[in-house]
Amino acid sequence: MQTYSYYPGCALERNAAVYHDSLMAVAESLDLTFTEVADWNCCGATEYITIDLIPAYALVGRNLALAAEQNCNGRSLVAPCSACFLNLKKADHYLAQSPELNRKVNQALAAGGLHYEPGSVHVKHLLEIITEDVGFEKVARAVKRPLFGLKIAPYYGCLIVRPVFDGTFDDAEQPTSMDTLMRTIGAEVVDFPAKAQCCGGHMTQISEAVALHLIHQLLKNAVDHGADVIAAICPMCQLNLDAYQDAVNKHYGTNFHIPILYFTQLLGLAFGFGEATMGIGQELVDARPALANIQVKPLKPVKRKRPSKTELPMPPKLQEVRSCLKNE
Amino acid sequence: MDTSVKYVRGPTTHDRTFLEEVIAQTPVDDPRLAYCVQCGTCGGSCPSGADMDYSPRELFAMIDANMREEVLSSNTPWYCVSCYYCMVRCPQDVHITDVMYTLKRMAVREGFSHESNAKDAPDFSETFIDFVENYGRSFELGLATLYHLRHHPLNAVRMATGMGFDLFRKGRMNLLPTRIENIDQLKAILAEAKAIGGNGDANL
Ligand code: SF4
Ligand code: SF4
């Protein structure tokens, strides 16, 4: 049994409630306990830092201070939202690096009777915990109903793989941890080169055309590579790709209807939870038709033939190619 | 590292060059921005480069040339979506995304932001902050509606009838924000933080 401090973030209270619920169910199957940081506040998203610096860091500092105060034995702090995760991690990191910033933020925290010692809370994203702390073997053991035949595009977005502070857990541009995780639960992972590109963030509110362009690229890339469903790890990514799909279709004359599910919902389905329990149907683009693709047996893997058992596989010689062409 | 003289260039209208000011207000205070080699990797990596009036690389050259007004009225920082691609690719390790935030703060503070063509962005941030300061949590429905009512009345109608309604119907939007218990503590912290400031020549 591993225990973590848990920072849900505002989106998981309502818009992304299914992320929270599915995560709690999955956690039980994986022997994880999440203790919510009592009375946490909003992390400020990308907005507070735009207006005022010290208050923005003090806002995140209060969460870190509360997490440290309520933390009995050096547990890591887990955030399932990428923006929350980055804000917490970045604040901790910059406070440790800049004595001046640390002094000012702690002076502000003192006005609320709090103090935070940089480095005292280890911030992790949920994906990091499931793929590294729990590990693929344990995940595989929890699978009851593998998602055979379901083609998934794992979507990482930006903020959990970039920026790189202390050696993130995955590649900054072509991450693979969620790919492996989805294969572990039996699903087929499609090639998805756009997997770590931006969903547009708050641009849907400020300059819709910019956001629609980015969302269109992502949807197109996943659909072009044959995905049935996109797996998301952040409420902002899920909302943008799901709720703005209609707007993208209108703007670009496309006809996308690819469902966006949280990776925890997919884990939960594989762990044997029902669709209703996993909150399937809360998404605006209905996932049920895609989930009907799940097979009882694994699809036959496409086998690549190795030309000879004795020689190394080499490209065919020019003569061979010529004779092939002649025969045809 | 002794950085006292390394990045003093260009004519100064203030005590410090514009470049020094930007560096001082960007955590963590180090002169990496001054070591930009103008390679253009940042602009080439930028997903919203096409909509920016100057690429990040150009903007950094302009900062170096002390073109304060042009930089602060540019829409470039406002179109930055914080994807951090530039930051992991920059050969000089410039904290580009953080520099963009610094420029946004400077522009808001000095009243520049409304001249760029991303003029609604600061208001979006301010509406967001209002909720956080009063409730301790953000509030999607209130935020979107208030903001759109102010800037895009037609969008507000769309929020209420189309997608917004769908989200609401599915139980994905709150009608009322939640308030944290210890909101007084948060308010005290934020009031003190604002009093401290740190926007001036801060050396963060
Ligand atoms: S990538 Fe870095 S060094 Fe190259 S132009 Fe951009 S900021 Fe300068
Ligand atoms: S972080 Fe901002 S400036 Fe850098 S590549 Fe992304 S959008 Fe462009």
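This is a predicted model, so every value here is computed, not measured.

Rules used in this analysis
Residues numbered from 1 in each chain as written. Chains lettered and ligands numbered in written order. Predicted model: local features only at pLDDT ≥ 70, side-chain atom pairs only at ≥ 80, totals over all residues. Heavy atoms only, no water. Helix = DSSP H or I, 4+ residues; strand = E, 2+ residues; numbered from the N terminus. Buried < 20%, exposed > 50% of the residue type's maximum accessible area, 1.4 Å probe, protein only. Polar contact = N/O pair within 3.5 Å; in protein donor to acceptor, adjacent residues only side chain to side chain. Contact = heavy atoms within 4.5 Å. Near = heavy atom within 4 Å. Nonpolar A, V, L, I, M, F, W, Y, C, P; charged D, E, K, R; others polar. Axes fitted to C-alpha atoms, helices over the stretch in contact; angles between N-to-C directions. Parallel < 35°, antiparallel > 145°, perpendicular 65-115°, else oblique. Domains from an automatic or database assignment. Buried area = accessible area lost by both parts, 1.4 Å probe. Pairing = 2+ DSSP bridges. Core = buried A, V, L, I, M, F, W, Y, C linked by side-chain atoms within 4.5 Å. Phe/Tyr/Trp six-rings, centres within 6.5 Å; stacked < 30°, edge-to-face > 60°.

**Re the side chain of Lys124 of chain A**
Residue and element names in this part refer to chain A.
Turning to step 1, where the next piece is worked out: By the secondary structure assignment, Lys124 is in strand S4 (residues 122–125).
Turning to step 2, where the next piece is worked out: Judged by its relative accessible area of 11%, Lys124 falls in the buried class.
Turning to step 3, where the next piece is worked out: A distance of 3.0 Å separates the side chain of Lys124 from the side chain of Asp133, its partner in a polar contact.
Turning to step 4, where the next piece is worked out: Look past the residues within four positions of Lys124 in its chain and what remains in contact with it is Ser76, Leu77, Val78, Ala79, Phe85, Ile129 and Asp133.

**Details of the site of ligand 2**
Turning to step 1, where the next piece is worked out: Around ligand 2, the surrounding shell consists of Cys46, Pro47, Ser48, Cys80, Val81, Ser82, Cys83, Tyr84, Cys86 and Thr97 of chain B.
Turning to step 2, where the next piece is worked out: Within the shell around ligand 2, the residues separate by chemical class into seven nonpolar, three polar and no charged.

**Some remarks on the packing of helix H10 (residues 208–224) of chain A against helix H12 (residues 245–252) of chain A**
Residues and elements named next belong to chain A.
Turning to step 1, where the next piece is worked out: Axis separation between H10 and H12 bottoms out at 10 Å; the angle between their running directions is 95°. By the angle class used here, H10 and H12 are roughly perpendicular. Where H10 approaches H12, its residues Leu212, His213, Ile215, His216 and Leu219 are matched on the opposing element by Gln245, Ala247, Val248, His251 and Tyr252.
Turning to step 2, where the next piece is worked out: The residue inventory of the contact of H10 with H12, partitioned by class, reads six nonpolar, four polar and no charged.

**A closer look at the domain arrangement of chain A**
All names here are of chain A.
Turning to step 1, where the next piece is worked out: What the domain assignment lists for chain A is domain 1 (2–126) and domain 2 (143–291).
Turning to step 2, where the next piece is worked out: Taking only C-alpha atoms into account, the centre of domain 1 sits 24 Å from that of domain 2.
Turning to step 3, where the next piece is worked out: Taken together, the 26 residues of domain 1 in the interface contact 22 residues of domain 2.
Turning to step 4, where the next piece is worked out: Buried area between domain 1 and domain 2, both sides added, is near 2100 Å², and the carbon and sulfur share of it is 76%.
Turning to step 5, where the next piece is worked out: Three residues, Val18, Tyr19 and Ser82, lead the burial of domain 1 against domain 2; their summed loss comes to 24% of the area buried on that side.
Turning to step 6, where the next piece is worked out: The set of elements that each furnish at least two residues to the side of domain 1 that touches domain 2 consists of helix H1 (17–29) and helix H4 (82–97).
Turning to step 7, where the next piece is worked out: Broken down by element, the residue count for the side of domain 1 that touches domain 2 peaks at eight residues, all from H4.

**Describing the environment of Tyr135 of chain B**
Turning to step 1, where the next piece is worked out: Among the structural elements, Tyr135 of chain B can be located in helix H8 (residues 121–135).
Turning to step 2, where the next piece is worked out: Considered as a pair, Tyr135 of chain B and Gly111 of chain B are 24 residues apart in the sequence and their alpha carbons are 27 Å apart.

**Quick word on the site of ligand 1**
Residues and elements named next belong to chain B.
Turning to step 1, where the next piece is worked out: The full set close to ligand 1 counts 14 residues, and Cys36, Cys39, Gly40, Cys42 and Cys90 are the nearest of them.
Turning to step 2, where the next piece is worked out: Taken together, the elements giving at least two residues each to the shell around ligand 1 come down to helix H2 (41–45) and helix H3 (56–64).
Turning to step 3, where the next piece is worked out: Of the residues that constitute the shell around ligand 1, the class distribution is nine nonpolar, four polar and one charged.

**Let's talk about the sheet that holds strand S1 (residues 2–6) of chain A**
Residues and elements named next belong to chain A.
Turning to step 1, where the next piece is worked out: Strand order in the open sheet made by the four strands is S2-S1-S3-S4, with parallel pairing throughout. Looking at strand neighbours, the two that pair on one side only are strand S2 (32–36) and S4, the edges of this open sheet. The sheet shows a mean angle of 40° between the axes of neighbouring strands, taken without regard to direction.
Turning to step 2, where the next piece is worked out: With four bridges joining them, strand S3 (residues 76–79) and S4 adopt parallel strand pairing. By the bridge assignment for S4, Ser76 is matched with His122.
Turning to step 3, where the next piece is worked out: Along the sheet face, helix H6 (residues 126–134) touches S1, S2, S3 and S4 and points at about 95° away from the line of S4.

**So, the interface of chain B and chain A**
Turning to step 1, where the next piece is worked out: Opposite the 67 residues of chain B that make contact, chain A presents 67 residues.
Turning to step 2, where the next piece is worked out: Buried area between chain B and chain A, summed over both chains or domains, comes out near 6000 Å², and the portion from carbon and sulfur atoms is 61%.
Turning to step 3, where the next piece is worked out: Inspection of the chain B/chain A interface yields 17 residue pairs in polar contact (both at pLDDT 80 or more).
Turning to step 4, where the next piece is worked out: Along the lines of polarity and charge, the residues of the side of chain B that touches chain A split into 33 nonpolar, 18 polar and 16 charged.

**Here we look at the nonpolar core**
Turning to step 1, where the next piece is worked out: With 173 residues, the main nonpolar core has Ile185 and Phe263 of chain A together with Leu103 of chain B as its most contacted residues.
Turning to step 2, where the next piece is worked out: Considering every element that reaches this core, the biggest residue donor is helix H3 (residues 53–69) of chain A, with 11 residues.
Turning to step 3, where the next piece is worked out: Excluding its chain neighbours within four sequence positions, the residues that come into contact with Phe263 of chain A are Tyr19, Leu126, Leu127, Ile130, Met178, Leu181, Met182, Ala231, Ala232 and Ile233 of chain A.

**Some remarks on the packing of aromatic side chains**
Residues and elements named next belong to chain A.
Turning to step 1, where the next piece is worked out: Applying the stated criterion across every chain, the model contains seven aromatic pairs over all chains.
Turning to step 2, where the next piece is worked out: Each ring, one from Tyr19 and one from Phe263, has its centre 6.4 Å from the other, and the planes form 70°; the classification is edge-to-face. In this pair, Tyr19 is assigned in helix H1 and Phe263 in helix H13 (residues 263–270), connecting sequence segments 244 residues apart. A single burial state applies to Tyr19 and to Phe263, both of which are buried.
Turning to step 3, where the next piece is worked out: Of the aromatic side chains, those joined through ring pairs into one cluster are Tyr4, Tyr6 and Phe34.

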